[in-house]
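# Structural features, examined
Chain by chain, the residues:
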Amino acid sequence: MELDLSPKLAKKVYGGDGDGGCYYAWCPTELPMLRDGNIGAAKLALQKNGFALPRYSDSSKVAYVLQGAGVAGIILPESQEKVIAIKKGDAIALPFGVITWWYNKDDSELEVLFMGDTSKGHKAGQFTDFFLTGANGIFTGFTTDFVKRAWDVDDDTAKALIGNQQGKGIVKLDANVKMPEPKPDHRNGMALNCEEAPLDTDIKNAGNVVLLNTKNLPLVGQVGLGADLVRLEGNAMCSPGFSCDSALQVTYIVKGSGRLQVVGVDGKRVLETIVKPGNLLIVPRFFVVSKIADPEGLSWFSIITTPNPVFTHLAGSIGAWKAISPEVLQAAFKVPAETEKLFRSKRTNDAIFFPPPPQ
């Protein structure tokens, strides 16, 4: 059966305008590479006063704030709650067992992307969340006598804990409800703003990249994933390349649009498409991918299924071709020395990203 790598949009799972927000997810039946690669992807969109109830997941994840600002509560196993201010560009590593809640007190929508590893989850290619409260929370599953005994409360209190919160997953709080204020020191080691972090690569008039790894956000080591934010300038190109450590690359288009091609086994072009904001796509292991931005530019956020990924680029000053001896290239391409010399002389200064050709 032919592999379907075409980009997909997320679909709503629960929530609505009156609920304070919505939760969206990508379905493995529509994007089979999610199931095959044991990758989950979802989005949380909170309106003003929207509150995503406390929950934990069966998967480790990386969260990335796509737009807006808000507050997140993060409780690592056997640790105190960290209450952090979050804003557009923030990346947060969420290991197994972490409990989170999310709140938006601003007028603009808060949108958070989640991508992670489902290999130890209940369903391949899908996150399963376990809610601590709400109509589908763990309290509703236990009988009143168990709740009374476990939390040492009276009958009325137990019934209130079980039945008062009728919302599921996301609720809209009254404007006068007071939530915890974020603490600046709680951000240390918990979040990294990819739009403000030092650039790992910056090519003039072409593009730049910020890598998320164990050096700048140690928690990604526990998550087992790496990530990056790539921004291509208008009409610039990202060099053809592949992950050379058998990692999968899961990409979400944040902004702009552009052309994308993927080449796989036997030199077959398995995908040629236009990518736009909201698209999610997965590049299989060792397949070669390249992108050319449209005039307005192209930005994407990716996770890679290893905390410190290694890529091989096939073009540019650090391209693999530059390392191969001239005689081997001549024989491999079956070209004369002059053609090989011309080929080698190109892209001697540009690495990874290439500016648009001169008009």
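Residues numbered from 1 in each chain as written. Predicted model: local features only at pLDDT ≥ 70, side-chain atom pairs only at ≥ 80, totals over all residues. Heavy atoms only, no water.

## Notes on the sheet that holds strand 2 (residues 21-25)
Cut-off, in case you're wondering: A pair of strands is treated as paired once DSSP finds two or more bridges between them. Strands here are runs of E lasting at least two residues and helices are runs of H or I lasting at least four, both read from the DSSP assignment and numbered beginning at the N terminus. Convention adopted: a line fitted to C-alpha atoms gives each axis, helices being fitted over their contacting stretch, and angles between N-to-C directions are expressed from 0 to 180 degrees.
Within the open sheet, the seven strands sit side by side as 1-2-3-10-5-8-13. Their pairing is antiparallel. If you trace the sheet from one side to the other, it starts and ends with strand 1 (11-16) and strand 13 (191-193), each paired once. Here the strands of the sheet are splayed against their neighbours by 20 degrees on average, with no regard to which way each runs.

## So, the packing of helix 5 (residues 326-333) against helix 6 (residues 337-345)
Heads up, the condition is: Here the angle decides the label: under 35 degrees means roughly parallel, over 145 means roughly antiparallel, 65 to 115 means roughly perpendicular, and every other value means oblique. We call a crossing left-handed when the near helix sits turned anticlockwise from the far one by less than a right angle, and right-handed when that turn is clockwise. Note on contacts: a residue pair qualifies if any of its non-hydrogen atoms lie within 4.5 Å across the two residues.
Packing of helix 5 against helix 6 brings their axes to within 9 Å, and their N-to-C directions diverge by 110 degrees. Put simply, helix 5 runs roughly perpendicular to helix 6. Where helix 5 crosses over helix 6, the two elements pack in a sense that is right-handed. Each of Pro-326, Leu-329, Gln-330 and Phe-333 in helix 5 lies in contact with helix 6, whose residues at this interface are Ala-337, Glu-340, Phe-343 and Arg-344.

## A word on the packing of aromatic side chains
Using the following cut-off: Under the pairing criterion, centres of Phe, Tyr and Trp rings, with the six-membered ring standing for Trp, must be within 6.5 Å; the plane angle then separates stacked pairs below 30 degrees from edge-to-face pairs above 60, leaving the rest tilted. Relative accessibility under 20% of the residue-type maximum defines a buried residue, over 50% an exposed one, and the middle range a partly exposed one, all with a 1.4 Å probe and only protein chains included. Geometrically, a charge over a ring is one whose NZ (Lys) or CZ (Arg) sits within 6 Å of the ring centre while staying within 35 degrees of the ring normal.
Counted under the stated rule, the structure contains 10 aromatic pairs. Pairing Tyr-14 with Phe-131 gives two aromatic rings, centres 6.2 Å apart and planes at 80 degrees, and the pair type is edge-to-face. With Tyr-14 in strand 1 and Phe-131 in strand 11 (residues 129-131), this residue pair connects regions lying 117 residues apart in the sequence. We note that Tyr-14, like Phe-131, is buried. Members of the aromatic cluster, connected to one another through ring pairs, are Tyr-14, Tyr-23 and Phe-131. A cation over an aromatic ring shows up here: Lys-61 above the ring of Phe-114, its NZ or CZ 5.2 Å from the ring centre. Across the ring face of Trp-300, the terminal group of Lys-291 is positioned such that the distance to the ring centre comes to 4.1 Å.

## Points about the side chain of Ser-290
The cut-off we apply is this: Polar contact is the term for a pair of N or O atoms within 3.5 Å; when the atoms are in protein, one must be able to donate a hydrogen and the other to accept it, and sequence-neighboring residues count only if both atoms are side-chain atoms.
Within the fold, Ser-290 resides in strand 21 (residues 288-304). A polar side-chain atom of Ser-290 sits 2.7 Å from the main-chain carbonyl oxygen of Cys-238. Excluding residues that lie within four positions of it along the chain, Ser-290 makes contacts with Met-237, Cys-238, Ser-239, Pro-240, Arg-259, Leu-260 and Gln-261.

## Notes on the pattern of salt bridges
Rules: We count a salt bridge whenever a side-chain nitrogen from Lys or Arg sits within 4 Å of a carboxyl oxygen from Asp or Glu.
Summed over all chains, the structure comprises 14 salt bridges. The salt bridge partner of Glu-196 is Lys-87, with a shortest N-O separation of 2.6 Å. Here Glu-196, found in the loop between strand 13 and strand 14 (201-203), pairs with Lys-87, found in strand 7 (residues 82-87); they are 109 residues apart in sequence, far enough to count as distant. Take Lys-87: its relative accessible area is 37%, and that puts it in the partly exposed class. In this structure, Asp-155 and Lys-148 form a salt bridge, with 3.7 Å as the shortest nitrogen-oxygen distance. Members of the salt-bridge network, linked through shared partners, are Arg-55, Lys-61 and Asp-129.

## What to know about the UniProt feature "domain: Cupin type-1" (unreviewed entry) in the protein chain
Stated formally: UniProt positions are given in the numbering used here, feature names are shortened, and annotations may be inferred rather than shown by experiment.
Residues annotated by UniProt as "domain: Cupin type-1" (unreviewed entry) correspond here to residues 11-159 and 197-341. Secondary structure across residues 11-159 comprises 13% helix and 47% strand; the distance between its end C-alpha atoms is 35 Å.

## Some points on a nonpolar patch on the surface
Note the cut-off: Each patch is built from salt-bridge-free residues with over 30% relative accessible area, joining like charges within 9 Å and nonpolar side chains (Val, Leu, Ile, Met, Phe, Trp, Tyr) within 5 Å. Only the protein chains shown count as cover for residues, and the accessible areas themselves come from Shrake-Rupley with a 1.4 Å probe.
On the surface, a cluster of nonpolar side chains totalling about 290 Å² of accessible area is made up of Ile-138, Phe-142 and Phe-146. Among the secondary structure elements, Ile-138 is positioned in the loop between strand 11 and helix 2 (144-151). Judged by relative accessible area, Ile-138 falls into the partly exposed class, the value being 33%.

## Thoughts on the packing of helix 2 against helix 3 (residues 155-163)
Put simply, the test is: Nonpolar residues are Ala, Val, Leu, Ile, Met, Phe, Trp, Tyr, Cys and Pro. Charged residues are Asp, Glu, Lys and Arg, and all others, Gly as well, are polar.
The geometry of helix 2 relative to helix 3 is characterised by a closest axis approach of 9 Å and an angle of 110 degrees between their N-to-C directions. Comparing the axis directions of helix 2 and helix 3 gives the class roughly perpendicular. Touching Thr-144, Val-147 and Lys-148 of helix 2 are Asp-155, Ala-158, Lys-159, Leu-161 and Ile-162, all from helix 3. Of the residues assigned to the contact of helix 2 with helix 3, the class counts are four nonpolar, one polar and three charged.

## Considering the side chain of Lys-61
Examined against the element boundaries, Lys-61 turns out to sit in strand 5 (residues 60-67). Of note is the side chain of Lys-61, whose polar atom sits 3.5 Å from the side chain of Asp-129.

## Re the pairing of strand 3 (residues 39-46)
On a regular strand, one side chain projects to one face of the sheet and the next to the other, so that they alternate. Here strand 3 lies mainly inside the structure; eight of its eight residues are buried. Burial along strand 3 is two-sided: Ile-39, Ala-41, Lys-43 and Ala-45 and Gly-40, Ala-42, Leu-44 and Leu-46, pointing in opposite directions, are all buried. Note that strand 2 and strand 3 share five bridges and pair antiparallel. The residue of strand 3 that forms the bridge with Cys-22 is Ala-45.

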